[in-house]
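# Chain and residue survey
The chain contents come next:
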Amino acid sequence: MPAEQPSRLAAEGGKALVAAMPTPAWPALREDALEVFHGVGRELEAVLVAELDVNARMLAGAAPEHVPVLRQMLAARWSGHLARVLAENPGADEAVRRLVERIGAAALGTERAGKTMTNIARDHSTLFAVMDGNIIQHRQRRDDDSQ
């Protein structure tokens, strides 16, 4: 494995991990993150798990104006932790890759689930709305259409 690859993987993993913390998918993704820490020793694993939980609570409770800076700081910290994990357990690289992929997939699912569209048609108008390729037509019925 080239020397730069573990550091790049650790950086991607740190960013992904911190991005996942404030999402509804975090409990399941947390379990995937714990798999990454297996094999680094019980003491280090216990410290990382505790810090993971503290960081997730910290990010969830942060004021909105502090979130970007906090995310950046935590991503750097978790990149360092993951680099250490990868150095001590070279077999963990596949677990980190799976974690990054899973977090990416969960983020896409959250984005899709979070879409909202509000359309209002007034005064006997016809409204055409398109979201993700679906065309929906809403037509207000006129009183004289019933005859």
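This is a predicted model, so every value here is computed, not measured.

### Some thoughts on the overall build of the protein
Across its full length, the protein carries five helices and two strands. For the protein, the succession of helices and strands along the chain, N to C, is α-α-α-α-α-β-β. Here the protein holds 147 residues, and the buried ones make up 31% of them. Here the analysis covers contacts within the protein between residues at least 6 apart in sequence; of these, 58% occur between residues at least 24 apart. Carbon together with sulfur atoms contributes 53% to the accessible area of the protein, which is approximately 9,600 Å² in total.

### Here we look at the nonpolar core
Counting residues in hydrophobic clusters, the biggest one holds 33 residues, and the most contacted among them are Leu-17, Met-21, Trp-26, Val-36, Phe-37, Leu-52 and Trp-78. Counting residues per element, this core draws most heavily on helix α4 (residues 67-88), at eight residues.

### Details of the confidence of the model for the protein
Here the protein shows a mean pLDDT of 80. Residues at 70 or above account for 81%. Taking the mean pLDDT of every element in the protein, the minimum, 62, falls on strand β2 (residues 134-139) and the maximum, 91, on α4.

### Observations concerning the pattern of salt bridges
The full count for this structure, using the stated rule, is eight salt bridges. A salt bridge links Arg-77 to Glu-51, with the nearest nitrogen and oxygen atoms 2.3 Å apart. Remark: Glu-51 occurs in helix α3 (residues 42-61) and Arg-77 occurs in helix α4; sequence separation between them is 26 residues. Judged by relative accessible area, Arg-77 falls into the partly exposed class, the value being 46%. Looking at Glu-51, the relative accessible area reads 13%, which means it is buried.

### Concerning the packing of α3 against α4
Remark: α3 packs on α4, axes separated minimally by 11 Å, with the N-to-C direction vectors making an angle of 165°. Relative to α4, the element α3 lies roughly antiparallel. The handedness of the crossing between α3 and α4 is left-handed. The residues of α4 that touch α3, namely those facing Leu-44, Leu-48, Glu-51, Leu-52, Asn-55, Met-58 and Leu-59, are Val-67, Leu-70, Arg-71, Leu-74, Arg-77, Trp-78, His-81, Arg-84, Val-85 and Glu-88. By residue class, the composition of the contact of α3 with α4 is 10 nonpolar, two polar and five charged.

Definitions and cut-offs
Residues numbered from 1 in each chain as written. Predicted model: local features only at pLDDT ≥ 70, side-chain atom pairs only at ≥ 80, totals over all residues. Heavy atoms only, no water. Helix = DSSP H or I, 4+ residues; strand = E, 2+ residues; numbered from the N terminus. Buried < 20%, exposed > 50% of the residue type's maximum accessible area, 1.4 Å probe, protein only. Contact = heavy atoms within 4.5 Å. Areas by Shrake-Rupley, 256 points an atom, 1.4 Å probe, with all protein chains shown as cover. Core = buried A, V, L, I, M, F, W, Y, C linked by side-chain atoms within 4.5 Å. pLDDT = per-residue confidence, 0-100. Salt bridge = Lys/Arg side-chain N within 4 Å of Asp/Glu carboxyl O. Axes fitted to C-alpha atoms, helices over the stretch in contact; angles between N-to-C directions. Parallel < 35°, antiparallel > 145°, perpendicular 65-115°, else oblique. Left-handed = near helix turned anticlockwise from the far one by under 90°. Nonpolar A, V, L, I, M, F, W, Y, C, P; charged D, E, K, R; others polar.

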